Amino acid sequence: MTAAPSAEPGRTDPGGGTRRPRAVAILGGVALVALLADLVTKHLALAALTDREPVRLLGGVVYLSLTRNSGAAWSIGADHTWIFPLITIGVVGWIGWMALRLRSLPWAISLGLVLGGALGNLVDRIFRAPAPFHGHVVDMISLFDPYGQVWPVFNLADSSLVCGVLLAVVLELTGRQRDGRRVGRDGKPAETDAVQGADQRERA
């Protein structure tokens, strides 16, 4: 009987993923970087753009235009600001549950981006004016128009959320599972890169 291969810490395991502690650490690291970047850019925007006309960049492709948004994109739900922190708390809980079986580095990055973006806007909702859990989100990036007429004014937290969700969609479409395994087009488990590499070495 051949002994099952073991995985070294941080390396690919027999299931095709990495050690869960490493994946969770990457998730947390990505989330922390996204959160800090969002908080810093909001602080700089408030310091440099308050009571100032929009700043035109890249020939008008991008404008720095300070706004405070009580709702979601296009001010959706502006009269129900209190509901957004509850949604965010639910998202954070869902990511925590997903992390229980997380062994995929791409999924760790995806979930980390979503978590960092969600927390960035949650900080605004809880701590900014006009009141706790009714705070307005600080936005400062506008595309093709200085006042968000072409695309809603957004911030780095929004960008992080969108990038994380898009990456998650790509991972789902390519059959990559959160536990590090892959699913083929027929819905059956596909061989992982680690297993394929081991088979090739054995045949060689």
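Because the structure is predicted, anything quoted here is derived from the model rather than measured.

A short note on the overall build of the chain
- Summing up its helical and strand segments, the chain has five helices and five strands in all.
- Taken from the N to the C terminus, the helices and strands of the chain come in the order α-β-β-α-α-β-α-β-β-α.
- Buried residues in the chain amount to 34% of all 204 residues.
- Long-range pairs, those at least 24 residues apart, make up 61% of the contacts in the chain with a sequence separation of at least 6.

What to know about the pairing of strand E2 (residues 62-69)
- Two strands pair when backbone bridges link them, and strand E1 (residues 55-57) and E2 are joined in this way by three bridges, in the antiparallel orientation. The residue of E2 that forms the bridge with Leu57 is Val62.
- Following E1, the chain reverses through four residues before pairing antiparallel with E2; Leu58 in that reversal takes a positive phi of roughly 55°.
- Pairing of E2 with strand E3 (residues 137-143) involves six bridges; the strand directions are antiparallel. Counted as the bridge partner of Val62 is Leu143 from E3.

A word on the sheet that holds E1
- The strand order across the open sheet built from three strands is E1-E2-E3, with neighbouring strands paired in antiparallel fashion. Bordering the open sheet on either side are E1 and E3, each of which pairs with just one other strand. Averaged over all pairs of adjacent strands, the angle between strand axes in this sheet comes to 35°, irrespective of strand direction.
- Packed on one face of the sheet, helix H1 (residues 20-49) meets E1, E2 and E3 and runs near 80° to E3.

Digging into a nonpolar patch on the surface
- Taken together, the side chains of Leu57, Leu58, Val61, Phe144, Val150 and Trp151 define a hydrophobic patch exposed on the protein surface, amounting to about 600 Å² of accessible area.
- With respect to the helices and strands, the residue Leu58 is situated in the loop between E1 and E2.
- Given a relative accessible area of 67%, Leu58 falls into the exposed group.

Quick word on the confidence of the model for the chain
- Mean pLDDT for the chain: 85, with 77% of residues reaching 70 or above.
- Note that pLDDT drops below 50 for residues 192-198; the model gives that stretch nine contacts with residues more than four away or on any other chain.

Let's talk about the pattern of salt bridges
- Applying the stated criterion across every chain yields a total of six salt bridges.
- Between Asp124 and Arg128 there is a salt bridge, and its shortest N-O distance comes to 2.7 Å.
- For Asp124, a relative accessible area of 0% gives the class buried.
- If you follow the salt bridges from partner to partner, you end up with Asp38, Lys42, Asp124 and Arg128 in one network.

What about the packing of aromatic side chains?
- Overall, the coordinates contain zero aromatic pairs when judged by the stated rule.
- The side chain of Arg178 reaches across the aromatic face of Trp107, ending 4.8 Å from its centre.

Quick look at the packing of H1 against helix H4 (residues 156-173)
- Contact geometry for H1 and H4: axes closest at 8 Å, N-to-C directions at 150°. When the interaxial angle is binned, H1 and H4 end up roughly antiparallel. Together, Ala34, Ala37, Asp38 and Thr41 of H1 and Leu156, Ala157 and Ser160 of H4 make up the contact between the two elements.
- Across the contact of H1 with H4, the residue classes break down as four nonpolar, two polar and one charged.

Each value, and the rule that gives it
Residues numbered from 1 in each chain as written. Predicted model: local features only at pLDDT ≥ 70, side-chain atom pairs only at ≥ 80, totals over all residues. Heavy atoms only, no water. Helix = DSSP H or I, 4+ residues; strand = E, 2+ residues; numbered from the N terminus. Buried < 20%, exposed > 50% of the residue type's maximum accessible area, 1.4 Å probe, protein only. Contact = heavy atoms within 4.5 Å. Pairing = 2+ DSSP bridges. Axes fitted to C-alpha atoms, helices over the stretch in contact; angles between N-to-C directions. Patch = residues over 30% accessible without salt bridge, like charges linked within 9 Å, V, L, I, M, F, W, Y side chains within 5 Å. Areas by Shrake-Rupley, 256 points an atom, 1.4 Å probe, with all protein chains shown as cover. Salt bridge = Lys/Arg side-chain N within 4 Å of Asp/Glu carboxyl O. pLDDT = per-residue confidence, 0-100. Phe/Tyr/Trp six-rings, centres within 6.5 Å; stacked < 30°, edge-to-face > 60°. Lys NZ or Arg CZ within 6 Å of the ring centre and 35° of its normal. Parallel < 35°, antiparallel > 145°, perpendicular 65-115°, else oblique. Nonpolar A, V, L, I, M, F, W, Y, C, P; charged D, E, K, R; others polar.

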